[in-house]
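Listed below, chain by chain, are the residues.
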Amino acid sequence: MDSTSDSDATLRRRIRQQEVIADLAQRALEGNDLDQLLHDASVSVAETLGIECVELFELRPDDTLALRESVGWPDESIDSRAIPVEAGSQADYTLRSEEPIVVDDFRSDERFSGPESLVDGAVSGTSVVVGSAEEPWGVLGAHATERRAFTRQDVDFIERVADVLATAIETKRTYRELEEIHGRISDGFFALDENWEFAYLNERAHELINPDHRELIGTNVWEAFPEASSREFKPLYERAMADEETIAFEEYYPEPLDSWFEVRAYPSETGLSVYFRDITDRKVEKQALEETRRRYRTLVEHFPNGAVALVDRELRYVSFGGAPEGTADVTRTEIEGEPVREVLPTELETIVAPRYEDALEGETSTFETSIGDEVYRFHFVPVRDDGGDVVAAMGLSQDITERAEAQRRLEESEQRYRALVEHFPNGVVTLFDHDLEYLLAAGQAFEELDLEPADLEGRRVREIWPESVAATLEPAFRDALDGTVRSVELEYAGRDWIVHAVPVTDDGGDVSAGMTMAQDITDRKERERYLRDAKAQLEAATEAGAVGTWEWQIQEDRFVTGASFARTFGVEPEAAREGVPLERLLSSIHAADRDRVERRIEEAVETCGEYEAEYRVWNADDDLRWVIARGHVESDEQGVPETFPGALTDITDRKQAELEAEKQRTQLETLFELLPVGVVVAEADGRLVEANDAAAELWGGDVFDAETVGDYERYDGWWLDTGEPIEPEEWPMSRVLEGETILDPDVVEIETVDGERRTVMIHGMPIRDEDGEIVRGVLTQTDVTERREYRRRLEESNERLEQFAYAASHDLQEPLRMVASYLQLIESRYAEALDDDGQEFLAYAVDGAERMRAMIEGLLQYSRVEARGEPLAPVDLEAVLEDVLADLQLRIEESDAEITIEPLPRVEGDGDQLRQVFQNLLENAITYSGDDPPRVRVDADRRGDEWTIAVRDDGIGIPPEEQERVFEVFHRLHSQGEHDGTGIGLALCERIVERHGGEITVDSEPGKGSTFSVTLSDARDR
């Protein structure tokens, strides 16, 4: 009987281990959260083996093992615990061995000369490599704090968990690298070997630089493209190879390509990888716009009495002369490069922006309009290049207020003039004589003042206004009477005003009077203050961010910049604002980049052209930062360079990301081939384009040359469950390319090249572009032939064991009944002839036979759970509990028990077996209630599609160390003298619940009661 129990426990452990491996393998193939998988794997190993400590270490570049996940470790140890890989240590042995390290007792094992164990206080343990012995990822260890023998089955289980984790880690890296590869599809790409010969070109590269379809593989790049030697291509490629650094630049290649290219070159141990794209259109448009800018520059800078502007196709100012109406204090440098819709006041932007858009579409427009109290004439025209294409738009505006006013004075009478000034909007108009006496006053602004027009007429300036106002107005009035136009600003009645004083001449040209036009400019002043504040905020934001600007005054060698730029180069901000020599900035540049940057600066100064450089610089904190600098040199009319303005941006994060991406791409190419599962990639049309060595090995050769989905008919395969052949459109890759994601794997049987049949588990998913279109499909294929055969043998073995257990328990009943019958016969006939000892011995024998009968009956029930159970169907648990309470009615009354049943659900189950479960649980609750009357509560809680039925009591409870063992067959917590029982009841409950696909657990505290929880599936409607 003991042998049978041990065999059954061993079988259960093996089945549990298989379930854990299958679950972890499934999750590894799905490629979900790797960190969660590592954590769950550690917990599963500890629970399955029943040990205290499990640890997963990751091998770091400094040859230490860093704790990544653990069970039985303090939380604060995670990411802080490090094990040195010392020669002779357990860590060293594990990493160098292809076999697991098993230690029965660290205290007596003499193999290790370094630290005894990966875990402080461990007595027994085992550890295996995660990954290959040549390139290990880390170590998985399992340890016990008391002496324990780890079986071959235990060690095999840990090894398989390590293999699954290695697969998940490699798969995660593969996915990241594939994403990076897909991100470069739009660029041209070619690879050069160390002899400057083409090793590879993608299709986009052929389209851009090989329109004649020449055979370039194996051809020297300088022979195939001779003009590249005289351009920047050759020296920069050679520098990238020599300095082993990434080079980025723009360069022109003449006929026959006649194109500009943006290039990034990455050196490697085998040569040079070059990504490039055609930017000719961008360059041509930029050159045309610059030519247009130079052509119109003189007009723009010297345009009289108004403003002229050149606007590019993005509606940004390219050049500007004069001042936009209403913002005469805005400078050219503040407007150029800025969007039209942002830099202009709203009332002006709504007028000019639509006309610029029309001009960029080829339309010309001319019109007059009033802005404030000025009249302007606008003219908008398209600007075309030599080919007739519109590359910009020009806008011209002139102030025609005086001309319009003169025309008005000639055409209108004094009465009409008065009517006009009386309705002068947002202001006041006056006429005064040489004595500074007002002759006329009118305007709508009088409605807001504490004066009437009649209060001014006939009175002098100083008689009307406060001293401060009169002191400002009088000089302007006298200048107007002397023939000079004057404008002054003042504050009156809590508002800001601008007063224009102009002379009024008679037909002979003599000044006969003066006129003022006063306007309320409070709102405009507020806008100006807002703009000044916004500019100050922008400057502060620039200083606080990663962008800095500079201006190098070349002739004086005076480099002026802001605080952010200065700190980037380790220069005192105060000194930088005053200006420092250029050499002071150059000295902070990384020595490997300094000569290159100096050459770029010299070239820009010599050509008075554009400047761009990407380099490293030591900042004020001695940190090395990557930056990109752009600028241009401005010269005087003789072409002598004067100023060199520009801007600097910190690109450290981007550069680090680029370097890391390149490293990961290289690693992914290797990992793709080393994956232990087959991986196959297809284009959207079904063409198979990639397959790793594992896939080729699975199929017995490289058979992945199908060009379309229709070609899949050449592959022989059958559905495992039906045996039906697989049609081309039914293959997993066909369905993935239609948009299906195969997470629940297909299991099929295939015929390999050599005619062997293999069982394969296939997962797959489509890869989509930014628009959601499917561009590729990816499959993973796992050979499960041996696994399925092993499972079949295991199921057959399990079935034989169940038959044996049933037969053994059934056959034992007959001899046991005979023994019990004869013992009872002896007791009835000869009890009086026996002395006290004899009667006691006979009582023991009868009791033992009865208990043996109960144990055999329990074992028989245990073995029949699977074979004799009814099919699962909807079961009303409330009806089940009513039957249980009826059967226990006598026990309940005798023990004065109080049992509360909350509303219970309908579940999928076998009604008779569930009745056994809850009858056992309620009997236990009554039996182990202690000295007080039993108090029991049964309730239910739903979680998704499952119900958790809880049986709670306030009895004697179960010690923590016994809670995991109470479900073992024949395991008892109390002696026969304390409580009756066979030790099979809870084991039978667990077997029944597992048959229902559920789980039974216990949560208990000694002296405070126990809660047994059973999970069951919700009943499906039928």
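Reading guide: rules and limits
Residues numbered from 1 in each chain as written. Predicted model: local features only at pLDDT ≥ 70, side-chain atom pairs only at ≥ 80, totals over all residues. Heavy atoms only, no water. Helix = DSSP H or I, 4+ residues; strand = E, 2+ residues; numbered from the N terminus. Buried < 20%, exposed > 50% of the residue type's maximum accessible area, 1.4 Å probe, protein only. Areas by Shrake-Rupley, 256 points an atom, 1.4 Å probe, with all protein chains shown as cover. Expected span 1.5 Å × (residues − 1). Polar contact = N/O pair within 3.5 Å; in protein donor to acceptor, adjacent residues only side chain to side chain. Core = buried A, V, L, I, M, F, W, Y, C linked by side-chain atoms within 4.5 Å. Contact = heavy atoms within 4.5 Å. Pairing = 2+ DSSP bridges. 1 Å grid on protein atoms, 1.4 Å probe; cavity = no way out; pocket = protein on both sides within 12 Å on 5 of 7 lines; lining within 4 Å. Points joined across faces, edges and corners; volume = space filled by probe spheres on them. Nonpolar A, V, L, I, M, F, W, Y, C, P; charged D, E, K, R; others polar. Axes fitted to C-alpha atoms, helices over the stretch in contact; angles between N-to-C directions. Left-handed = near helix turned anticlockwise from the far one by under 90°. Salt bridge = Lys/Arg side-chain N within 4 Å of Asp/Glu carboxyl O. pLDDT = per-residue confidence, 0-100. Phe/Tyr/Trp six-rings, centres within 6.5 Å; stacked < 30°, edge-to-face > 60°. Lys NZ or Arg CZ within 6 Å of the ring centre and 35° of its normal.

When you go through the protein residue by residue, the secondary structure sums to 30 helices and 40 strands. Per-residue burial for the protein yields a buried fraction of 44% across its 1022 residues. With an accessible surface of roughly 54500 Å², the protein has 46% of that area assigned to carbon and sulfur atoms.

With that settled, consider helix α29 (residues 911–927). Taking 1.5 Å of rise per residue, 17 residues should cover 24 Å, and α29 covers 24 Å from first to last C-alpha, within 8% of that figure. Three or more residues of α29 are buried, namely Gln913, Leu914, Val917, Phe918, Gln919, Asn920, Leu921, Leu922, Ala925 and Ile926. Near the N-terminus of α29, the side chain that reaches the backbone nitrogen of Asp912, with its oxygen 3.2 Å away, is that of Asp910.

Let us look at unusual backbone geometry. The amide bond that connects Glu255 to the next residue, Pro256, takes the cis arrangement and shows omega of 10°. Tracing the backbone shows Pro256 in the loop between β9 (247–253) and β10 (259–268). Even without a glycine there, the phi angle at Glu244 is positive, about 55°. In this structure, Glu244 sits in the loop between α7 (233–243) and β9.

Once that is clear, we can look at the nonpolar core. Formed by 37 residues in total, the largest nonpolar core has its most connected members in Leu877, Leu921 and Leu922. At the level of elements, α27 (877–887), α29, β37 (935–943), β38 (946–953), α30 (985–995), β39 (1000–1005) and β40 (1009–1017) are the ones that each hand at least two residues to this core. Examining the composition of this core, we find that 7 residues originate from one element, α29, more than from any other. Not counting the four nearest positions on each side in its chain, Leu922 is found in contact with Leu881, Val884, Leu885, Leu888, Ile899, Val936, Val938 and Val951. Counting 32 residues, the second largest nonpolar core, distinct from the first, contains Leu34, Ala46, Val54 and Leu165.

A regular strand places its side chains so that they alternate between the two faces of the sheet. Strand direction decides the pairing type here: β9 and β10, joined by 7 bridges, are antiparallel. Note on β10: the bridge partner recorded for Ile247 is Ala265. Connecting β9 to the next strand, β10, in antiparallel fashion are 5 residues, including Asp258 with a positive phi near 50°. Bridge count for β10 against strand β11 (residues 271–278) is 8 bridges, and the pairing is antiparallel. Among the inter-strand pairings, Val263 is bridged to a residue of β11, identified as Phe276. Where β10 hands over to β11, the hairpin turn is made up of 2 residues, counted between the paired strands.

Take empty space enclosed by the protein next. Where empty space is left in the structure can be found by rolling a water-sized probe over the atoms. Within the structure shown, the criterion is met by 6 cavities of 30 Å³ or more. Of the volumes computed, that of the largest cavity is approximately 220 Å³. Considering the residues around the largest cavity, the lining is formed by 16 residues, among which Val428, Trp465, Leu473, Val499 and Ala518 are closest to the centre. Elements with a minimum of two residues in the lining of the largest cavity: β17 (427–432), α16 (467–481), β19 (486–492), β20 (495–505) and β21 (511–520). Sorting elements by how many residues they give to the lining of the largest cavity places α16 first, with 3 residues. Within the lining of the largest cavity, the residues separate by chemical class into 14 nonpolar, 2 polar and no charged.

The next subject is the packing of α29 against α30. Running from N to C, α29 and α30 point in directions that differ by 145°, and their axes come no closer than 9 Å. Considering how the two elements wind past one another, α29 and α30 form a crossing that is left-handed. Between α29 and α30, the residues in contact are Gln913, Gln916, Val917, Asn920, Leu921 and Asn924 and Gly985, Leu986, Leu988, Cys989, Ile992, Val993 and Arg995, respectively. Its residues assigned to classes, the contact of α29 with α30 comprises 7 nonpolar, 5 polar and 1 charged.

Within a sheet, each strand pairs with its neighbour through backbone hydrogen bonds, oriented either parallel or antiparallel. The sheet built from 6 strands is open, its strands ordered β29-β28-β33-β32-β31-β30 with antiparallel pairing. The outermost strands of the open sheet, each flanked by one partner alone, are β29 (688–691) and β30 (717–719). Strand after strand, the sheet turns through a mean of 30° between neighbouring axes, direction not considered. Strand direction decides the pairing type here: strand β31 (residues 742–751) and strand β32 (residues 757–768), joined by 7 bridges, are antiparallel. Residue pairing across strands places Ile742 opposite Gly764, the latter belonging to β32.

In this section: the sheet that holds β11. With antiparallel pairing, 5 strands are arranged side by side in an open sheet as β8-β7-β11-β10-β9. At either margin of the open sheet sits one strand with a lone partner, and together these are β8 (198–201) and β9. Taken over all neighbouring pairs, the strand axes of this sheet differ in orientation by 25° on average, direction set aside. Of the strand pairs in this sheet, strand β7 (residues 188–193) and β11 are connected by 6 bridges, and their pairing is antiparallel. By the bridge assignment for β11, Asp193 is matched with Gly271. Contacts from α7 reach β7, β9, β10 and β11, with the element oriented near 160° to β9.

This paragraph deals with the pattern of salt bridges. In this structure the tally under the stated criterion is 45 salt bridges. Between Arg277 and Asp187 there is a salt bridge; the shortest N-O distance is 2.7 Å. Of the two residues, Arg277 sits in strand β11 while Asp187 sits in the loop between α4 (152–182) and β7, which places them 90 residues apart along the sequence. With a relative accessible area of 40%, Arg277 lands in the partly exposed category. Residue classification places Asp187 among the buried positions, given a relative accessible area of 11%. Across the pair Glu349 and Arg341 runs a salt bridge whose closest N-O atoms are separated by 2.5 Å. On the basis of relative accessible area, Glu349 is assigned to the buried category, the value being 12%.

When pLDDT is low, close inspection of the predicted coordinates is not appropriate. Residues at a pLDDT of 70 or more form 80% of the protein, whose mean pLDDT is 80. The model gives residues 534–546 a pLDDT under 50, and that stretch makes 11 contacts with residues more than four places away or in other chains.

Next up on the list: the pairing of strand β33 (residues 774–783). β33 sits mainly inside the fold: 8 of its 10 residues count as buried. Examined bridge by bridge, β32 and β33 share 9 bridges and lie antiparallel to one another. Pairing of Val760 across the sheet is with Asp783, part of β33. Following β32, the chain reverses through 5 residues before pairing antiparallel with β33; Gly772 in that reversal takes a positive phi of roughly 85°.

Glancing now at the packing of aromatic side chains. Under the counting rule described, the total for this entry stands at 34 aromatic pairs. One aromatic cluster is present, formed by Phe190, Trp196, Phe198, Trp222, Phe225, Phe233, Tyr237, Phe249, Tyr253, Phe261 and Phe276 through successive ring pairs. The lysine or arginine in question, Arg214, covers the ring of Phe225, its NZ or CZ lying 5.0 Å from the ring centre. Sitting above the plane of the Trp626 ring, Lys655 keeps its charged end 4.4 Å from the centroid.

Right, let's get into the environment of Arg486. Here Arg486 is to be found in strand β19. For the pair Arg486 and Val499, spaced 13 residues apart in sequence, the C-alpha to C-alpha distance is 8.2 Å. If we skip the residues at most four places from it in the chain, Arg486 touches Pro475, Ala476, Asp479, Val499, His500 and Ala501. Within the local environment of Arg486, its side chain forms a polar contact with the side chain of Asp479, the two groups lying 2.3 Å apart.

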